[in-house]
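# Coordinate analysis (summary)
So you can see what is in the structure, the chains are spelled out below.
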Amino acid sequence: MGFIRRQEERLAIRLLTWQYQRIKMPIPAMEALEIHAAGLVDDAHKIARERGRNVVGILKELIADIRKREKD
């Protein structure tokens, strides 16, 4: 795994943790966060290739969508 990919996953973990804290939900174990973050980064890269957008912006949108689904 490359340096940039690791940084993207670490950012995704921070964003996920922040969202869980923000909606006052218990934060999952680090293993679960890492798996979730890896999936989000994969999805963000796929969307970025299809639409030519920024991966970080896409990650933020994906995490916001997760938050909305978990509230419902």
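Residues numbered from 1 in each chain as written. Predicted model: local features only at pLDDT ≥ 70, side-chain atom pairs only at ≥ 80, totals over all residues. Heavy atoms only, no water.

## Thoughts on the overall build of the protein
Heads up, the rule is: Secondary structure elements are taken from DSSP: a helix is a run of H or I of four residues or more, a strand is a run of E of two residues or more, and numbering for both begins at the N terminus. Here the radius of gyration uses the C-alpha set of atoms, whereas the globule reference equals 2.2 Å times the residue count to the power 0.38. The rule is simple: take the accessible area with a 1.4 Å probe, protein chains only, and divide by the maximum for that residue type; under 20% is buried, over 50% is exposed, in between is partly exposed. Only heavy atoms matter for contacts: two residues are in contact if any of them lie within 4.5 Å across the pair. Shrake-Rupley sampling with a 1.4 Å probe provides the accessible areas, and residues are treated as covered by the protein chains on show and by no other component. Positive charges come from Lys and Arg, negative ones from Asp and Glu, while His and the chain ends are left out of the count. Note that the charge is assigned to NZ on lysines, CZ on arginines, CG on aspartates and CD on glutamates.
Of regular secondary structure, the protein possesses three helices and zero strands. Secondary structure elements in the protein, listed N-terminal to C-terminal, are α-α-α. For the protein, whose C-alpha radius of gyration is 12 Å, the value lies close to the compact-globule estimate of 11 Å for 72 residues. Oriented by its inertia axes, the alpha-carbon framework of the protein measures out at about 35 × 25 × 15 Å. For the protein, with 72 residues in total, the buried portion stands at 35%. Of the contacts formed within the protein by residues at least 6 apart in sequence, a portion of 52% connects residues at least 24 apart. Roughly 5,000 Å² of accessible area belongs to the protein as shown, and the carbon and sulfur atoms make up 54% of that amount. In the protein, the 15 positive side-chain charges and the 11 negative ones have mean positions that sit 6 Å from each other.

## As for unusual backbone geometry
Despite not being glycine, Lys24 shows a phi value in the positive range, around 60°. Inspection of the secondary structure puts Lys24 in the loop between α1 (3-22) and α2 (30-51).

## Describing α1
Selection rule: Between the first and last residue of a helix there are one fewer steps than residues, each counted as 1.5 Å, and that sum is the expected span.
Compared with the 28 Å implied by 1.5 Å per residue over 20 residues, the 28 Å span of α1 between its first and last C-alpha is a close match. Residues of α1 that are buried include every one of Glu8, Glu9, Ala12, Ile13, Leu15, Leu16, Thr17, Gln19 and Tyr20, and no others.

## Some words on α2
Each full turn of the α-helix corresponds to 3.6 residues, which orients residues three or four apart in the same direction. Here α2 spans 31 Å end to end across 22 residues, near enough to the 32 Å set by a 1.5 Å rise per residue. Directly beyond the C-terminal end of α2, a positive phi value near 65° is found at Gly52.

## Here we look at the nonpolar core
Formally: In this text, buried Ala, Val, Leu, Ile, Met, Phe, Trp, Tyr and Cys residues form a nonpolar core when linked through side-chain atoms within 4.5 Å.
In this structure, Leu16, Leu40, Ala44, Ile58, Leu59 and Leu62 are the most contacted members of the largest nonpolar core, which totals 18 residues. Examining the composition of this core, we find that seven residues originate from one element, α2, more than from any other. With near-sequence residues (within four places) excluded, Ala44 lies in contact with Val55, Ile58, Leu59 and Leu62.

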